[in-house]
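Coordinates in review
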Protein chains: 2
Amino acid sequence: MSSTDGRADRFAGHVFSTPSLLAQALTHRSAGAPHNERLEFLGDAVLGLVVAEALYARWPKADEGSLTRARAELVRESALAAVARRLEVGERLVLGPGEMKSGGHRRDSILSDALEAVIGAIYLDAGYEVCRRVVLPWFEEAVSAVPASKVGKDAKTRLQEWLQARQKPLPQYVLEHEGGEEHARVFTVRCILADPALDAEGVGGSRRAAEQVAAEAVLGRLAGG
Amino acid sequence: MSSTDGRADRFAGHVFSTPSLLAQALTHRSAGAPHNERLEFLGDAVLGLVVAEALYARWPKADEGSLTRARAELVRESALAAVARRLEVGERLVLGPGEMKSGGHRRDSILSDALEAVIGAIYLDAGYEVCRRVVLPWFEEAVSAVPASKVGKDAKTRLQEWLQARQKPLPQYVLEHEGGEEHARVFTVRCILADPALDAEGVGGSRRAAEQVAAEAVLGRLAGG
């Protein structure tokens, strides 16, 4: 895919009603104002929603944590820079002389920022629906390629796989408390790892639900540490 | 403002075509599936865009860093919980027995998550434009109330104000290098603080632009430390 038909009012099939928005999106701050930083702020939010919605629809069983991690992966700087390269953003960037000399049009951060700015410019030019139709194809393959292991499995399964991959002992789930009225039981389960030694509690309306909550909490700590 | 006219298919003036989306958005995971966590993921992204666009439009001189900080402030958990309380989200929340007993419907995190989930539900129910029209009024006052000192001033001014407010000495800007072709000069300026002792470099196409970049870099470090 190419970003242009050689015309300054087009990007990836979108023909701008206000071509100055596109020009601004392709102007790095080193080249002076009006540059693309504010558009980048806006485009980052547009892209966040486009990708969030695509993941939400494509992976109906993924929980919130998995979706959040998958989105972070899809919109990380290096991934956006790769999209920007396919769309030949670097060739169209306007840089100041310092950045030009130091190869700024090849730098991941500058390319990724410019791509977000272009998304913001399309959004301002034509609204959310049009912008989504232009932007979604850039990410569709990556959205579908998210490993099912990351978005399709429940917390207990993911915890088990995490431990097995590292040849660690499997977790223990201990029922710590069971209470509540007959028709509204409350279960408290502790999930305990031997290595790394840590544990977390989960509460739920069934023993199984409480185990999932506890496993998710343990996964959160493993990811955080 | 109230979130309902006493009907299970309405929220803040929006009448759901698919009322089950609203019911799901108001169901905490402690009450079992389908609960609101996936909708919260989606609503968080929708809200991010609604607020980003509002700030972008309202504060045309704010730079990206200021906009990003203002947005974080507007969508932080306690701010969302306050909106949720005005919309009486807590009264409509479905919680598991454990959360109910421990006052979960008054907790900031649960209220804020549910509000985001409702936003996601409205988005799925009616699309971005309708959702924005419903959601924007909840935040308009806060968007307008962002202090101009945070979003309306350039980096040198903000740095000066930051230092004056703390009775610290003003920064020095030292031109370290000037080069490039006649029609494409490159200026390198160092911004130096005495207290706290730190400095940062800025590069730009003019001395003034380089000073702004250097001041912004220093502000970034002050905010980070």
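Residues numbered from 1 in each chain as written. Chains lettered and ligands numbered in written order. Predicted model: local features only at pLDDT ≥ 70, side-chain atom pairs only at ≥ 80, totals over all residues. Heavy atoms only, no water.

- An unreviewed UniProt entry lists chain A under the name Ribonuclease 3, with Luteimonas wenzhouensis given as the organism.
- One UniProt comment on chain A, placed under Subcellular location (unreviewed entry), says "Cytoplasm".
- Quoted straight from UniProt, the Catalytic activity (unreviewed entry) entry for chain A says "Endonucleolytic cleavage to 5'-phosphomonoester." (UniProt positions renumbered as here; feature names shortened; annotations may be inferred.)

With respect to the UniProt feature "active site" (unreviewed entry) in chain A
- According to UniProt, the "active site" (unreviewed entry) feature falls on Asp44 and Glu116 of chain A. A stretch of 73 residues holds the annotated residues, and the largest C-alpha distance among them is 5.5 Å, short enough that they meet in one place.
- Among the secondary structure elements, Asp44 of chain A is positioned in helix H2 (residues 37-58).
- Overall, Asp44 of chain A belongs to the partly exposed group, its relative accessible area being 34%.
- Excluding residues within four positions of it along the chain, Asp44 of chain A makes contact with Glu116 of chain A together with Arg71 of chain B.
- When you line up the elements, Glu116 of chain A lands in helix H7 (residues 108-126).
- Excluding residues that lie within four positions of it along the chain, Glu116 of chain A makes contacts with Leu39, Glu40, Gly43, Asp44, Leu47 and Leu80 of chain A. (Helix = DSSP H or I, 4+ residues; strand = E, 2+ residues; numbered from the N terminus. Buried < 20%, exposed > 50% of the residue type's maximum accessible area, 1.4 Å probe, protein only. Contact = heavy atoms within 4.5 Å.)

Examining the confidence of the model for chain A
- When pLDDT is averaged along chain A, the result is 90; 94% of the residues meet or exceed 70.
- Per-element averaging of pLDDT across chain A places helix H9 (residues 148-151) of chain A at the bottom with 66 and H7 of chain A at the top with 97. (pLDDT = per-residue confidence, 0-100.)

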